[in-house]
Amino acid sequence: MPIQQSEALILRSFNVGEQDKIVVFFSRDKGVLRGVAKGARKFDNRFGSSLEPMSLVQIFYYEKERRELVTISNCDLVESFFEIQEDLKVNFTLSYFTELVEEFFPSGAKEDILFRLLLAVLKAIKNKGDLIFLTAYFETWVLKINGLLPNFAQCKKCHKNITDFAWLSPKKDGVYCHQCAIYKKEKISAKANSFLQWIKKNPPLHKRNLPFSSSEIGELRKILEEIIIFNLEREPKTLRYL
Ligand SMILES: [Zn+2]
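A short tour of the structure in this document, coming up. Computed from a predicted structure; not experimentally measured.

## Observations regarding helix 2 (residues 112–126)
Every α-helix winds through 3.6 residues per turn, so residues three or four apart in the chain are directed the same way.
Here is step 1: With 15 residues, helix 2 extends 21 Å from end C-alpha to end C-alpha; this agrees with the ideal 21 Å at 1.5 Å per step.
Here is step 2: Residues of helix 2 that are buried include every one of Leu114, Phe115, Leu117, Leu118, Leu119, Val121, Leu122, Ala124 and Ile125, and no others.

Written as structure tokens, this is what we have:
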């Protein structure tokens, strides 16, 4: 079997047997993969701290036919995001990101935009970026890459441009203006829409002075999470801790 190598972010790992670990990793070339790291629990093993969650690594592995798990032969640490996870809020937020990646991008496909997104957000968190904002940023892009981000700028029925506020459609796939809406539960302000447009055009910020207020970010996150829950048909397990 030829050895494969890829840049990857470690998503999570769990113990198996006496000495091994199963590692879920997000490879730049092939998306989410699961592999066994033999001997990873032994003292002084060859993996060191490279298998910690969110480590950016160069990973070497073999794929076996008809096997779901690859075999990880080596893993070199490129950049660690271990220290930022001492903060419990960061820790929970990154678990949420992991769940979104695993749920929305189950396996086997290259997702370069998502890979660059996750890495950029991790670096922004490391540089003390605003966690609530960066969560909204990540959620927006996860939905956009999946084609699930509705157009908040135009009414689905009369196609009028939304200038003040609109209502999210029951299927969470668009908005209705106040005249056309029958279901008036989730209100979206024009400000939330301009925030979305801003996210689509700008990299994640490292600084704390954001162009939007925390209540505006909170409003947008509520809407984004409604759309996520609708599409997953359940609430992400890790969301309740945020
Ligand atoms: Zn309308």
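Back to the write-up after that little detour.
## Here's the deal with the coordination of the zinc ion
Here is step 1: Surrounding the zinc ion are the protein donor atoms Cys155 (SG), Cys158 (SG), Cys177 (SG) and Cys180 (SG), at 2.3 to 2.4 Å.
Here is step 2: Here the donor residues of the zinc ion share one chain and are spaced in sequence as C-x2-C-x18-C-x2-C.
Here is step 3: A residue is classified by how much of its surface remains accessible, and Cys155, at 1% relative accessible area, is buried.

## Re the sheet that holds strand 6 (residues 165–168)
Here is step 1: Pairing is antiparallel in the open sheet, where three strands are placed in the order 7-6-8. The open sheet is flanked by strand 7 (175–176) and strand 8 (187–189), the only strands paired with a single partner.
Here is step 2: By the bridge criterion, three bridges tie strand 6 to strand 8 in an arrangement that is antiparallel. Directly across from Phe165, in strand 8, lies its bridge partner Ser189.
Here is step 3: Strands in contact with helix 4 (residues 190–201) are strand 6 and strand 8; relative to strand 8, the strand with the most contacts, it is inclined by about 65°.
Here is step 4: In this fold helix 5 (residues 214–232) packs onto strand 6 and strand 8, with an angle of close to 135° to the strand it touches most, strand 8.

## Quick look at the packing of aromatic side chains
Here is step 1: All told, the structure shown has 11 aromatic pairs when counted by the stated rule.
Here is step 2: Plain terms: the ring middles of Phe92 and Tyr241 are 5.2 Å apart, the flat faces sit at 25° to each other, and that makes the pair stacked. Of this pair, Phe92 sits in helix 1 (residues 88–104) while Tyr241 sits in the segment after helix 5, placing them 149 residues apart in sequence.
Here is step 3: Relative accessible area serves as the criterion here: at 29%, Phe92 is assigned to the partly exposed category.
Here is step 4: When the centroid spacing of 6.0 Å and the interplanar angle of 75° are considered together, the rings of Trp198 and Phe212 count as edge-to-face. Of this pair, Trp198 sits in helix 4 while Phe212 is found in the loop between helix 4 and helix 5, placing the two residues 14 residues apart along the sequence. Both residues of the pair, Trp198 and Phe212, count as buried.
Here is step 5: An aromatic cluster of three or more residues is present, and its members are Phe133, Tyr137, Phe195, Trp198 and Phe212.
Here is step 6: Between the NZ or CZ atom of Lys126 and the centre of the ring of Phe81, over which it lies, the distance is 4.7 Å.
Here is step 7: For the cation-ring pair, Lys187 lies above Phe165, with the distance from its terminal atom to the ring centre recorded as 4.3 Å.

## Remarks on the nonpolar core
Here is step 1: Judged by nonpolar contacts, the single largest core of 60 residues is most densely connected at Leu118, Ile125 and Phe138.
Here is step 2: Sorting the residues of this core by element identifies strand 1 (3–16), strand 2 (20–27), helix 1, helix 2, helix 3 (131–145), strand 6, helix 4 and helix 5 as the ones contributing at least two each.
Here is step 3: Counting 15 residues, the second largest nonpolar core, distinct from the first, contains Phe25, Ala37, Leu51 and Cys75.

## Describing helix 1
Here is step 1: Between its first and last C-alpha atoms helix 1 spans 24 Å; for 17 residues at 1.5 Å apiece the expected length is 24 Å, and the two agree.
Here is step 2: Listed as buried for helix 1 are Val90, Thr93, Leu94, Tyr96, Phe97, Thr98, Glu99, Leu100, Val101, Glu102 and Phe104.
Here is step 3: In this structure, the buried residues of helix 1 make contact with strand 1, strand 2, strand 3 (31–37), helix 2, helix 3 and helix 5.
Here is step 4: The N-terminus of helix 1 is capped by Asp87, whose side-chain oxygen sits 2.9 Å from the backbone nitrogen of Lys89.

## Some words on the environment of Leu239
Here is step 1: Its location among the elements puts Leu239 in the segment after helix 5.
Here is step 2: The class for Leu239 is buried, based on a relative accessible area of 9%.
Here is step 3: Placed 140 residues apart in sequence, Leu239 and Glu99 show a C-alpha to C-alpha distance of 9.2 Å.
Here is step 4: Look past the residues within four positions of Leu239 in its chain and what remains in contact with it is Tyr96, Glu225 and Ile229.

Conventions used here
Residue numbers run consecutively from 1 along every chain, following the written order of its sequence. Only residues with pLDDT of at least 70 get local features here, since the model is predicted, and only at 80 or more are side-chain atom pairs given and counted; chain-wide, interface and lining totals rely on the full set of residues. As a rule here, side-chain values come from all non-hydrogen atoms in the structure, and water together with hydrogens is ignored. A run of H or I in DSSP becomes a helix once it reaches four residues, and a run of E becomes a strand once it reaches two; helices and strands are each numbered from the N terminus. In this scheme, a helix's expected span is set at 1.5 Å multiplied by one less than its residue total. Using a 1.4 Å probe on the protein chains alone, a residue whose accessible area is under 20% of its type maximum counts as buried, one over 50% counts as exposed, and one in between counts as partly exposed. Only N, O and S atoms count as donors, using a 2.8 Å limit from the metal and a wider 3.2 Å limit for Na, K and Ca, and since water is excluded some coordination spheres may look unfilled. Two strands qualify as a pair provided that DSSP identifies no fewer than 2 bridges between them. Residue contacts follow a heavy-atom distance rule, with two residues in contact if any of their heavy atoms lie within 4.5 Å. Helix axes use the C-alpha atoms of the stretch in contact, all axes being lines fitted to C-alpha atoms, and the angles between their N-to-C directions lie in the range 0 to 180 degrees. Centre distance within 6.5 Å is the pairing criterion for rings of Phe, Tyr and Trp, where only the six-membered ring of Trp is used; planes under 30 degrees apart are then read as stacked, over 60 as edge-to-face, and the remainder as tilted. The criterion for a charge sitting over a ring is simple: Lys NZ or Arg CZ within 6 Å of the ring centre, and within 35 degrees of the ring normal. Residues belong to one nonpolar core when they are buried, are Ala, Val, Leu, Ile, Met, Phe, Trp, Tyr or Cys, and are joined through side-chain atoms within 4.5 Å. Counted as a polar contact is a pair of N or O atoms within 3.5 Å, where, for protein atoms, one must be capable of donating a hydrogen and the other of accepting one, and residues adjacent in sequence contribute only when both atoms are in side chains.

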